2 protein chains.
Amino acid sequence: MANIKPSLAKGTRDFSPQEMEKRNYIFNTLRTVFKKFGYNEIQTPSFENLSTLTGKYGEEGDKLIFKILNSGDYLVKAPEELLDEKSSNKLIPHISEKALRYDLTVPFARYVVMHQHEIALPFKRFQIQPVWRADRPQRGRYREFYQCDVDVVGSSSLLNEAEFVLVYREALAALGLKDFTIKINNRKILSGIAEVIGKPELIVDMTVAIDKLDKIGLDGVNRELLVRGFTEADLDLLKPIILLDGTNDEKLMSLKEVLSASSIGLEGVTEIEEVFRYLKDFGAERLLDNNTIEVDITLARGLNYYTGCIFEVKTNEASMGSIGGGGRYDDLTGMFGLKGLTGVGISFGADRIYDVLDELELFPASSVSSTQVLIANFGEETHAHTLPLLFNLREAGVAAELYPAPAKLKKQMGYADGKQIPYVLLVGEEEMASGSYSLRDMSSGEQQKISGEELIAFLTKNTISCGNIVRNIVIND
Amino acid sequence: MANIKPSLAKGTRDFSPQEMEKRNYIFNTLRTVFKKFGYNEIQTPSFENLSTLTGKYGEEGDKLIFKILNSGDYLVKAPEELLDEKSSNKLIPHISEKALRYDLTVPFARYVVMHQHEIALPFKRFQIQPVWRADRPQRGRYREFYQCDVDVVGSSSLLNEAEFVLVYREALAALGLKDFTIKINNRKILSGIAEVIGKPELIVDMTVAIDKLDKIGLDGVNRELLVRGFTEADLDLLKPIILLDGTNDEKLMSLKEVLSASSIGLEGVTEIEEVFRYLKDFGAERLLDNNTIEVDITLARGLNYYTGCIFEVKTNEASMGSIGGGGRYDDLTGMFGLKGLTGVGISFGADRIYDVLDELELFPASSVSSTQVLIANFGEETHAHTLPLLFNLREAGVAAELYPAPAKLKKQMGYADGKQIPYVLLVGEEEMASGSYSLRDMSSGEQQKISGEELIAFLTKNTISCGNIVRNIVIND
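- Where an unreviewed UniProt entry is consulted, chain A appears under the name Histidine--tRNA ligase, with the organism given as Sphingobacterium haloxyli.
- The UniProt entry for chain A carries this comment under Catalytic activity (unreviewed entry): "tRNA(His) + L-histidine + ATP = L-histidyl-tRNA(His) + AMP + diphosphate + H(+)".

Encoded structure:
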């Protein structure tokens with residue numbers, strides 16, 4: 001056994017106990033909101049047949065898929081000429097038949113097609129799983145990271161779009177975020193604009209350019225539009241659209257005028273209006289009034305993929321790119337031979353949300369520590385006192401530990417500090433004789449005398465009860 | 001884009017919404033119990049450097065590790081002679097530098113060594129993550145499956161062993177299991193027996209043979225012992241030990257006699273006695289009296305790995321192999337250059353526990369369904385009634401959906417059935433006029449008239465409130 005100094009594989013991360021608590025807090029909060037809206041969780045395997053993934057993400061994407069080497073004598077069937085030529089790329093299908101999941105969308109499409117006869121449509125699902133990409137690792141970009149997707153397939157109703165706005169609102173609010181903007185656009189509006197200008201074939205170039213308005217300003221966008229084949233006259237036509245201003249209603253009104261000659265463009269406006277009408281019927285018009293929702297026709301996001309409404313969410317409390325996005329796509333499962341299934345979905349950027357909550361100190365105390373009280377260990381002769389107490393604390397749902405050896409008190413206190421345990425209980429000879437223990441509050445340093453029964457009552461009241469969590473989850477009344 | 005009929009990679013599984021609910025129920029229950037005992041969750045990446053994993057699982061194990069092909073022009077540095085010879089095995093390190101996690105133990109050891117300066121010892125951790133093995137898939141054996149490990153490193157106290165007994169007891173009871181046996185043995189007792197017989201070098205052969213007592217009976221064990229180098233005289237010595245009978249105390253007493261000449265053997269007995277003493281101090285002597293805990297010296301489990309106590313758990317309510325096991329190991333991190341760290345740990349066989357709970361119908365209703373009420377859709381003109389109601393239900397923490405289109409009622413009912421939604425609410429013209437809706441109980445088929453307010457009160461009381469789960473988890477009082 002070689003004695004090597006261990007390291008992480010490039011672009012991967014360990015998650016410490018405190019990071020895990022915070023990550024679970026985010027995922028559990030999202031999971032609870034998704035379920036409240038009727039989305040069900042599924043999971044797909046970490047690896048798929050290579051043929052399931054290849055060709056779905058473009059040529060660049062294919063390169064970033066992690067391929068798994070076949071087991072056993074994997075070279076036996078490899079064509080000799082490919083080995084001689086060292087044709088790395090051509091050899092792949094001969095020595096690898098499996099690959100790690102690159103996103104959650106293609107496996108979801110595969111799932112829907114394979115299980116189409118068990119699924120009641122519309123199928124509302126969410127999925128929170130890691131994906132892997134052979135990207136060059138950078139600050140904030142990892143080779144293993146979680147995606148968190150919510151989708152409905154098999155329903156063209158714009159109620160679904162409206163509900164996704166409510167999902168964003170409730171999930172982000174539940175995480176403690178107060179000021180965020182949900183941007184909405186519609187692919188049909190972008191098509192309409194390109195049509196009105198008379199350059200429908202340049203829709204992709206147009207949207208790529210105006211998508212950059214935030215970063216490069218109008219002059220930058222104009223320069224890029226000229227390079228991409230638009231004329232000065234086109235720029236004059238586009239300017240009022242790009243700089244569209246006012247309330248959402250005013251923007252939609254202006255768009256109707258601009259797009260009056262484009263039926264597809266008007267359809268896009270009507271779809272957004274219908275989403276808004278649903279939100280008003282929900283009693284959520286405040287989201288529309290205070291600009292939590294914002295019509296933004298510069299929003300493009302994966303244009304070649306989306307066919308209807310497009311969403312993007314950003315927080316206004318921290319400087320951070322988008323923390324979520326999504327939209328409607330007309331053909332999720334066509335790649336696997338099941339045509340005509342429409343879908344709409346959104347995703348949450350869990351890593352970015354984590355960073356925002358950390359920066360704003362929005363993680364609740366309960367998401368940082370788990371053990372609520374450490375009983376200091378003063379030796380075997382105290383066990384007849386401390387072990388029943390420990391047992392009863394846990395029965396009452398309080399996460400508790402006895403330090404496992406009679407180490408120096410300083411060391412035991414250091415352990416409690418390291419684990420961010422809020423209370424330490426001291427049970428020495430004096431305490432055993434009097435039946436009154438000393439409870440130390442680790443943040444204030446204050447100590448109080450307390451009996452065993454009082455202790456349980458105090459900690460049940462003042463700390464997180466994990467027993468109760470289980471009870472609420474598992475018991476039906 | 002090739003139009004292929006999609007399939008799963010061999011040995012992998014999709015998890016449907018209902019399977020996910022059940023799996024999450026198991027994992028959340030375990031997680032809650034682990035935290036109550038002061039264990040903290042960590043996660044490690046799905047892939048490690050190949051060098052971190054190679055050589056840790058024996059030659060057979062190495063073959064079962066899934067290797068990931070390097071990205072880009074991975075053949076460029078491959079030695080030509082290995083390609084010419086088609087030396088699959090020798091080529092691996094030249095074209096693959098990463099591999100999928102094979103178990104949770106080696107990554108945990110790597111974690112402890114890399115983070116040794118941040119960790120307060122003893123380090124109590126648990127980890128619930130998938131692992132991957134290139135095994136031949138069989139019924140019940142998958143290439144991707146979850147492991148669920150709980151360990152303490154850096155503490156030699158037998159309090160840890162005693163606590164693991166309590167963890168098993170509480171976790172299995174929380175899952176609804178009523179009759180299970182926690183078997184305990186000690187590697188030192190096995191060493192002592194081999195020593196007393198005068199064949200210490202045959203300890204592995206001895207334990208491999210007697211480990212099979214359950215399956216092949218005493219005659220079978222004897223035949224195997226003879227083949228493995230024991231004599232008829234040895235068998236006479238071993239017989240009373242293999243057939244050791246009586247209460248735990250009686251067994252320990254007999255072992256003390258048999259092992260009186262072996263100090264290591266006696267040490268093993270003393271360790272089990274100390275674990276039992278801790279359990280008595282905890283007030284958990286009932287576990288000892290009613291044979292929930294059972295001394296079983298035929299228990300061996302990965303003998304070359306464990307150095308002290310050994311555990312195995314089986315349910316007596318279903319015919320199923322072990323559903324968990326573990327033990328103490330003296331040198332977890334030596335393979336990465338950090339010597340002398342002792343550890344003890346147990347694991348839970350999540351897939352087997354799942355099958356047992358399914359067979360015994362122990363999954364609570366709440367772990368099967370998520371949406372609690374479906375509002376039937378009778379068209380746009382009802383939205384002014386149904387959408388605010390839907391909004392308020394969710395605000396009250398009730399998972400609720402509106403069917404997204406005014407489809408035939410039969411289809412909507414079928415959807416509710418498919419998702420196992422317990423209630424369907426009917427809001428038609430008559431209901432809107434009277435303000436009194438019809439609530440259908442999908443299991444009994446009964447319908448009751450109910451107002452909007454009554455509905456929320458009724459469903460809050462009679463169904464799982466997901467809002468409350470979040471609140472209990474996130475709020476500190």
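1. Here we look at the interface of chain B and chain A
- In this assembly, 131 residues from chain B lie in contact with 131 residues from chain A.
- When the buried area of chain B at its contact with chain A is split by residue, Lys36, Lys86 and Arg394 of chain B rank highest and sum to 7% of it.
- Between the two partners, chain B and chain A, sit 12 salt bridges.
- A salt bridge links arginine 394 of chain B to glutamate 163 of chain A, with the shortest nitrogen-to-oxygen separation between them at 2.5 Å.
- With 10 residues, helix α1 (residues 17-36) of chain B is the single largest residue contributor to the side of chain B that touches chain A.
- Classifying every residue of the side of chain B that touches chain A by side-chain character gives 65 nonpolar, 36 polar and 30 charged.

2. Thoughts on the packing of helix α7 (residues 159-174) of chain A against helix α13 (residues 263-281) of chain A
Residues and elements named next belong to chain A.
- α13 packs onto α7 with a crossing angle of 60° between their chain directions and a minimal axis gap of 8 Å. Here α13 runs oblique to α7, going by the angle between their axes. Seen from above, α7 lies across α13 with right-handed handedness. Counted together, Leu159, Glu161, Ala162, Val165 and Leu166 of α7 and Val275, Tyr278 and Leu279 of α13 form the full contact between these two elements.
- In terms of residue class, the contact of α7 with α13 is built from seven nonpolar, no polar and one charged.

3. Considerations on the relation of the copies chain B and chain A
- Superposing chain B onto chain A takes a rotation of 180° combined with a translation of 0.0 Å along the rotation axis, leaving an RMSD of 0.0 Å. The superposition of one copy onto the other is thereby described by a two-fold rotation axis. When C-alpha positions in chain B are compared against the rotation axis, the closest is assigned to isoleucine 68 of chain B, at 2.2 Å.

4. Some points on a negative patch on the surface
- Taken together, the side chains of Glu81, Asp84 and Glu85 of chain A together with Glu81, Asp84 and Glu85 of chain B present a region of like negative charge at the surface.
- In terms of residues, the negative patch owes the most to one element, helix α4 (residues 80-85) of chain B, which gives three residues.
- With respect to the element layout, glutamate 81 of chain A can be found in helix α4 (residues 80-84).
- Since its relative accessible area comes to 47%, glutamate 81 of chain A is described here as partly exposed.

5. Notes on the sheet that holds strand β11 (residues 343-348) of chain B
All names here are of chain B.
- Pairing in this open sheet of eight strands is mixed, and the strands run β1-β5-β6-β11-β10-β9-β7-β8 from one edge to the other. Looking at strand neighbours, the two that pair on one side only are β1 (40-41) and β8 (293-295), the edges of this open sheet.
- Relative to β8, strand β7 (residues 180-186) runs parallel, the two sharing three bridges. Paired with isoleucine 184 across the strands is valine 295, a residue of β8.

6. Quick word on the domain arrangement of chain A
All names here are of chain A.
- The domains assigned to chain A are domain 1 (15-178 + 317-368), domain 2 (185-299) and domain 3 (373-467).
- A C-alpha centroid distance of 28 Å is found between domain 1 and domain 2.
- Summing the contributions of domain 1 and of domain 2, the shared interface buries around 770 Å²; its carbon and sulfur component is 88%.
- Here domain 1 is connected to domain 2 by zero salt bridges.
- There are zero residue pairs in polar contact (both at pLDDT 80 or more) connecting domain 1 and domain 2.
- In the side of domain 1 that touches domain 2, the residues fall into five nonpolar, one polar and three charged.

7. A short note on unusual backbone geometry
Residues and elements named next belong to chain A.
- Here the amide bond leading from leucine 121 into proline 122 is cis, since omega sits at -5°, within 30 degrees of zero.
- In this fold, proline 122 is placed in the loop between α6 (105-114) and β5 (123-132).
- In this structure, glutamine 420 takes a positive phi of about 55° despite not being glycine.
- Among the structural elements, glutamine 420 can be located in the loop between α17 (409-418) and β14 (423-426).

8. Quick notes on the pairing of β14 of chain A
Residue and element names in this part refer to chain A.
- Side chains Tyr423 and Leu425 of β14 all project onto a buried face; the interleaved residues Val424 and Leu426 project onto the opposite face, where all are buried too.
- Strand direction decides the pairing type here: strand β12 (residues 373-375) and β14, joined by three bridges, are parallel. Of the residues in β14, the one forming a bridge with valine 373 is tyrosine 423.
- Inspection of the sheet shows β14 paired to strand β15 (residues 436-441) by four bridges, in the antiparallel sense. What sits directly across from leucine 425, in β15, is leucine 439.

9. Quick look at the side chain of histidine 115 of chain B
- Along the chain, the position of histidine 115 of chain B falls in the loop between α6 (105-114) and β5 (123-132).
- For histidine 115 of chain B, a relative accessible area of 13% puts it in the buried group.
- In this structure the side chain of histidine 115 of chain B is engaged in a polar contact, spanning 2.9 Å, whose partner is the side chain of aspartate 14 of chain A.

10. Structural notes on the packing of helix α16 (residues 383-395) of chain A against helix α19 (residues 452-462) of chain A
All names here are of chain A.
- As a packed pair, α16 and α19 sit with axes 10 Å apart at the nearest point and diverge in direction by 30°. Classified by the angle between their axes, α16 and α19 sit roughly parallel to one another. The element α16 and its partner α19 pack so that their crossing is right-handed. Packed against α16, whose contacting residues are Leu389, Asn392 and Leu393, the element α19 presents Gly452, Leu455, Ile456 and Leu459 at the interface.
- Classifying every residue of the contact of α16 with α19 by side-chain character gives five nonpolar, two polar and no charged.

Calculation notes
Residues numbered from 1 in each chain as written. Chains lettered and ligands numbered in written order. Predicted model: local features only at pLDDT ≥ 70, side-chain atom pairs only at ≥ 80, totals over all residues. Heavy atoms only, no water. UniProt positions renumbered as here; feature names shortened; annotations may be inferred. Contact = heavy atoms within 4.5 Å. Buried area = accessible area lost by both parts, 1.4 Å probe. Salt bridge = Lys/Arg side-chain N within 4 Å of Asp/Glu carboxyl O. Helix = DSSP H or I, 4+ residues; strand = E, 2+ residues; numbered from the N terminus. Nonpolar A, V, L, I, M, F, W, Y, C, P; charged D, E, K, R; others polar. Axes fitted to C-alpha atoms, helices over the stretch in contact; angles between N-to-C directions. Parallel < 35°, antiparallel > 145°, perpendicular 65-115°, else oblique. Left-handed = near helix turned anticlockwise from the far one by under 90°. Least-squares fit on C-alpha atoms with pLDDT ≥ 70 in both. Patch = residues over 30% accessible without salt bridge, like charges linked within 9 Å, V, L, I, M, F, W, Y side chains within 5 Å. Areas by Shrake-Rupley, 256 points an atom, 1.4 Å probe, with all protein chains shown as cover. Lys, Arg positive; Asp, Glu negative; His and termini not counted. Charge placed at Lys NZ, Arg CZ, Asp CG, Glu CD. Buried < 20%, exposed > 50% of the residue type's maximum accessible area, 1.4 Å probe, protein only. Pairing = 2+ DSSP bridges. Domains from an automatic or database assignment. Polar contact = N/O pair within 3.5 Å; in protein donor to acceptor, adjacent residues only side chain to side chain.

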